[in-house]
Amino acid sequence: MASLIIRPAALSDAADLGIIHYQSWLQTYTGLIDQNFLNQLSAQRSQQRFEAEGCKQFLIALVDGSPAGFCHYCKSRDPDADSLTGEIQAIYLLKEYQQQGIGTTLMLYAFDELKKLGMNRVTLWALESNTTAHCFYTKMGFTPDGARKQDPVGAEIRFSLAFSDLD
């Protein structure tokens, strides 16, 4: 059985986060968004972004010591959110680690971190066309809350979850 470790990411994890981000985007969004956009991505660009952000409020999942995924959580950035609403800004898992419960464990760890920050609910945004992600979020207890926005890569819908619904 594989060993799973989820821990707060450190600046020294930026290269691994960059690789996960880049590969996950290629694995997940090829065919869903403009290929020209995907062609502009690189692991190095992602790494540089994570280094600039300081890898704060990032969790990294390691399977047998190998980077498998990450989650970035924060206070909600939405203008209509109250001060007790958190956000899953990103959650990515390499394809070979999906469907093994790792994403669920990673998300639950992020929920715990958001609760420690005093949050009582959480939202996230997903591309309207990413139905695989919608299924995962629904399984986690999220429901679409009606909010929509246009991202440069496509239309997004917001999912919301009150932590009290998990009890």
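This report concerns the structure included in the present document.

About the criteria used
Residues numbered from 1 in each chain as written. Predicted model: local features only at pLDDT ≥ 70, side-chain atom pairs only at ≥ 80, totals over all residues. Heavy atoms only, no water. Pairing = 2+ DSSP bridges. Helix = DSSP H or I, 4+ residues; strand = E, 2+ residues; numbered from the N terminus. Axes fitted to C-alpha atoms, helices over the stretch in contact; angles between N-to-C directions. Contact = heavy atoms within 4.5 Å. Salt bridge = Lys/Arg side-chain N within 4 Å of Asp/Glu carboxyl O. Buried < 20%, exposed > 50% of the residue type's maximum accessible area, 1.4 Å probe, protein only. Expected span 1.5 Å × (residues − 1). Core = buried A, V, L, I, M, F, W, Y, C linked by side-chain atoms within 4.5 Å.

## A few points about the sheet that holds strand S2 (residues 58-63)
To summarise the sheet geometry, strands pair through backbone hydrogen bonds and adopt either a parallel or an antiparallel arrangement.
1) Next: In space, the seven strands of this open sheet follow the order S1-S2-S3-S4-S5-S7-S6, with mixed pairing throughout. This sheet does not close on itself; its edge strands, each paired only once, are strand S1 (4-8) and strand S6 (143-151). Mean inter-strand twist for the sheet, computed between neighbouring axes without regard to direction, equals 25°.
2) Next: Bridge count for strand S5 (residues 121-127) against strand S7 (residues 154-162) is seven bridges, and the pairing is antiparallel. The residue bridging Arg121 from the neighbouring strand is Ala162, located in S7.
3) Next: Along the sheet face, helix H4 (residues 102-116) touches S1, S2, strand S3 (66-75), strand S4 (85-93), S5 and S7 and points at about 155° away from the line of S4.

## Concerning the pattern of salt bridges
1) Next: What the rule picks out here adds up to nine salt bridges.
2) Next: Of the charged contacts, one joins Glu156 and Lys149 as a salt bridge, the two residues approaching to 3.9 Å between their closest N and O atoms.

## So, unusual backbone geometry
1) Next: Unlike most non-glycine residues, Cys55 shows phi in positive territory, near 55°.
2) Next: Mapped onto the fold, Cys55 is located in the loop between helix H3 (43-53) and S2.
3) Next: Cys55 sits in the buried class, given a relative accessible area of 2%.
4) Next: For Gln57, which is not glycine, the phi torsion reads 60° and is therefore positive.
5) Next: Using a relative accessible area of 31% as the deciding quantity, one classes Gln57 as partly exposed.

## Quick look at H4
For the α-helix, the turn length of 3.6 residues means that residues three or four positions removed from each other point alike.
1) Next: For H4, built from 15 residues, the straight-helix expectation of 21 Å at 1.5 Å per residue is met to within 8% by its first-to-last C-alpha distance of 21 Å.
2) Next: Where H4 is concerned, the buried positions are Ile102, Gly103, Thr104, Leu106, Met107, Ala110, Phe111, Glu113 and Leu114.
3) Next: Taken from the residues just after H4, Gly118 is the one with a positive phi, measuring 90°.

## Examining the nonpolar core
1) Next: In terms of nonpolar packing, the biggest core is built from 48 residues, with Ile88, Met107, Tyr137 and Phe142 touching the most fellow members.
2) Next: Put simply, the parts of the chain that give this core at least two residues each are helix H1 (14-29), S2, S3, S4, H4, S5, helix H5 (131-139) and S7.
3) Next: Not counting residues within four places of it along the chain, the set of residues in contact with Met107 comprises Ile88, Ile91, Leu124, Phe136, Tyr137, Met140 and Phe142.

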